Amino acid sequence: QAKEAGRNTCHFFSPELNMRATERLLLESTMRRALEREEFFLVYQPQMELRSGHIAGIEALLRWRHPDLGVVPPNNFIPIAEETGLIVPLGEWVLAEACRQAVRWQQEGQPPLRMAVNVSARQFRQRNLGLRIEKILMETGLDPALLELELTESAVMENPEEAILTLRQLKKMGITLSIDDFGTGYSSLSHLKHFPIDRLKIDRSFVKHVTRDHNDATIAEAIIALAHSMKLTVVAEGIEHSEQMEFMHQRHCDTMQGYYLSRPVTAEEFGTFLKRLGESDGKAHGLLGG
Ligand code: C2E
Ligand code: MG
Ligand code: MG
Ligand code: MG
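Residues numbered from 1 in each chain as written. Chains lettered and ligands numbered in written order. Predicted model: local features only at pLDDT ≥ 70, side-chain atom pairs only at ≥ 80, totals over all residues. Heavy atoms only, no water.

Taking an unreviewed UniProt entry as the reference, the protein chain is identified by name as Diguanylate cyclase/phosphodiesterase with PAS/PAC sensor(S) belonging to Trichlorobacter lovleyi.

Colleague: Where do I start with the overall build of the protein chain in this structure?
Modeller: Secondary structure assignment for the protein chain yields 13 helices and 10 strands. For 290 residues, the compact-globule estimate of 2.2 N^0.38 gives 19 Å, and the C-alpha radius of gyration of the protein chain, at 20 Å, lies within 12% of that figure. Oriented by its inertia axes, the alpha-carbon framework of the protein chain measures out at about 65 × 45 × 35 Å. Counting across all 290 residues of the protein chain, residues that qualify as buried make up 48%. Of all intrachain contacts in the protein chain linking residues separated by at least 6 positions in sequence, the fraction that spans at least 24 positions is 68%. (Helix = DSSP H or I, 4+ residues; strand = E, 2+ residues; numbered from the N terminus. Rg over C-alpha atoms; globule rule 2.2 N^0.38 Å. Buried < 20%, exposed > 50% of the residue type's maximum accessible area, 1.4 Å probe, protein only. Contact = heavy atoms within 4.5 Å.)

Colleague: Sorry if this is basic, but what is going on with empty space enclosed by the protein here?
Modeller: Regions of empty space are outlined by a rolling probe, equal in size to a water molecule, passed over the atoms. All chains considered together, the criterion is met by two cavities of 30 Å³ or more. Lining the largest cavity are Ile58, Ala102, Trp105, Gln106, Gln110, Pro111, Pro112, Leu113, Leu146 and Leu274. When residues of the lining of the largest cavity are assigned to their parent elements, the largest contribution, three residues, is made by helix α4 (residues 87-107). Taken together, the residues of the lining of the largest cavity sort by class into eight nonpolar, two polar and no charged. Empty space within the second largest cavity amounts to approximately 40 Å³. (1 Å grid on protein atoms, 1.4 Å probe; cavity = no way out; pocket = protein on both sides within 12 Å on 5 of 7 lines; lining within 4 Å. Points joined across faces, edges and corners; volume = space filled by probe spheres on them. Nonpolar A, V, L, I, M, F, W, Y, C, P; charged D, E, K, R; others polar.)

Colleague: What should I look at first to understand the coordination of the magnesium ion (ligand 3) in this one?
Modeller: Octahedral six-donor coordination of a metal ideally yields angles of 90 or 180 degrees, compared with 109.5 degrees for tetrahedral four-donor coordination. On the protein side, the magnesium ion (ligand 3) has Asp180 (OD), Asp181 (OD), Glu237 (OE) and Glu237 (OE) as donor atoms, found 1.9 to 2.7 Å from it. Read N to C, the donor residues that coordinate the magnesium ion (ligand 3) are spaced as D-D-x55-E. A gap of 3.7 Å separates the magnesium ion (ligand 3) and the magnesium ion (ligand 2), which aspartate 180 links by coordinating each metal. For aspartate 180, a relative accessible area of 7% puts it in the buried group. Residue aspartate 181 is classed as partly exposed on the basis of its relative accessible area, which comes to 25%. (Donors = N, O, S within 2.8 Å, 3.2 Å for Na, K, Ca; no water.)

Colleague: What should I look at first to understand the layout of surface pockets in this one?
Modeller: By volume, the largest pocket amounts to about 1,100 Å³. If you trace the largest pocket, you find 37 residues lining it, with Glu59, Leu61, Pro74, Asn75 and Asn118 closest to the centre. Those elements giving two or more residues to the lining of the largest pocket turn out to be β1 (40-49), β2 (55-66), α3 (78-84), α4, α5 (121-125), β5 (147-152), β6 (176-182) and α10 (204-207). Ranked by residue count, the leading element in the lining of the largest pocket is β2, at five residues.

Colleague: Hey, could you run me through the site of ligand 1 in this one?
Modeller: Neighbouring residues of ligand 1: 22 residues in total, closest Arg63, Asn118, Asp180, Glu240 and Tyr259. Between ligand 1 and the protein, one listed contact pairs an oxygen atom with a side-chain N or O atom of aspartate 181 at 3.0 Å. Contact with the protein chains removes 87% of the 790 Å² of surface that ligand 1 exposes when unbound. Applying the majority rule of atoms within 2 Å of the grid points places ligand 1 in the largest pocket. Among the secondary structure elements, those contributing two or more residues to the shell around ligand 1 are β2 and β6. With four residues, β2 is the largest single contributor of residues to the shell around ligand 1. Of the residues assigned to the shell around ligand 1, the class counts are eight nonpolar, six polar and eight charged. (Near = heavy atom within 4 Å. Polar contact = N/O pair within 3.5 Å; in protein donor to acceptor, adjacent residues only side chain to side chain. Areas by Shrake-Rupley, 256 points an atom, 1.4 Å probe, with all protein chains shown as cover. Sits in = over half its atoms within 2 Å of the grid points.)

Colleague: I would appreciate a short explanation of the environment of phenylalanine 273 in the present structure.
Modeller: The topology assignment puts phenylalanine 273 in helix α13 (residues 267-279). Sequence-wise, phenylalanine 273 and proline 46 are 227 residues apart; in three dimensions their C-alpha atoms are separated by 9.6 Å.

Quick look at the structure:
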């Protein structure tokens, strides 16, 4: 919109917009260097099966350890990486690192757990995404059945015909597919039913007040019913309290994820968590908290 506004006015050259452009360029080059300097790292958050109390999987979440700013959360840099295209190499690094870590834990004798990785819209649109992922799986040695990709509604709905081909290809490889932040984007149900997906993740915004807000409760229940009627499993994200967990449990939501179980932690901390888990029969309930 800067271009449109700027064509015939001097707004385009206003210091404010100028700075934004400069800032963006600076950020882009900084991020490119950060990738080379290995300033990015992953944290891991467990998911628990509500029926059994067993750990069902792990979500890998990206962090940037900036030398001056400290740890930068993904919402502050992923949109820029998405815009500049840096998300493609960055996302590939995330996939490879998450797969490597999953294999490392198995080599340490931990039971195999499914590793979920977020894939951005732009990354999903890459023509050879399937091949690239296949290569990463081969190089890291991770069983495709232990990889899950989290896609947003907008990523798959943007071009549903293309999306379905990509999803089928990934599905054929044995990868689990889920729709992240479900309910916040725009999903066409007629497309959704043709997508070979496995799970829906109820967005945190509906979970937050689920025990107090009748509308949020209705939405959460509707998503659970929708998923189950399509033979999909459901994950509730952002569970911070036992009441929210109880709500989801009572409504037969399959899986939970959130601070109540554990915050996202470093690979080292997660390794310790897995060891303790092994000593408690794989039951996470009561083992953790916050
Ligand atoms: P998401 O995929 O929906 O991930 C869940 C976010 O909720 C994470 O934020 C997680 O730390 C946070 N969270 C988990 N449990 C709770 C809880 O109980 N309460 C609250 N308040 N928050 C909780 P995070 O790590 O800051 O990531 C934010 C978003 O950035 C992610 O949302 C995802 O969309 C994106 N993201 C993170 N890592 C990657 C990545 O490697 N690639 C891409 N493309 N996007 C990523
Ligand atoms: Mg996610
Ligand atoms: Mg999510
Ligand atoms: Mg979310």
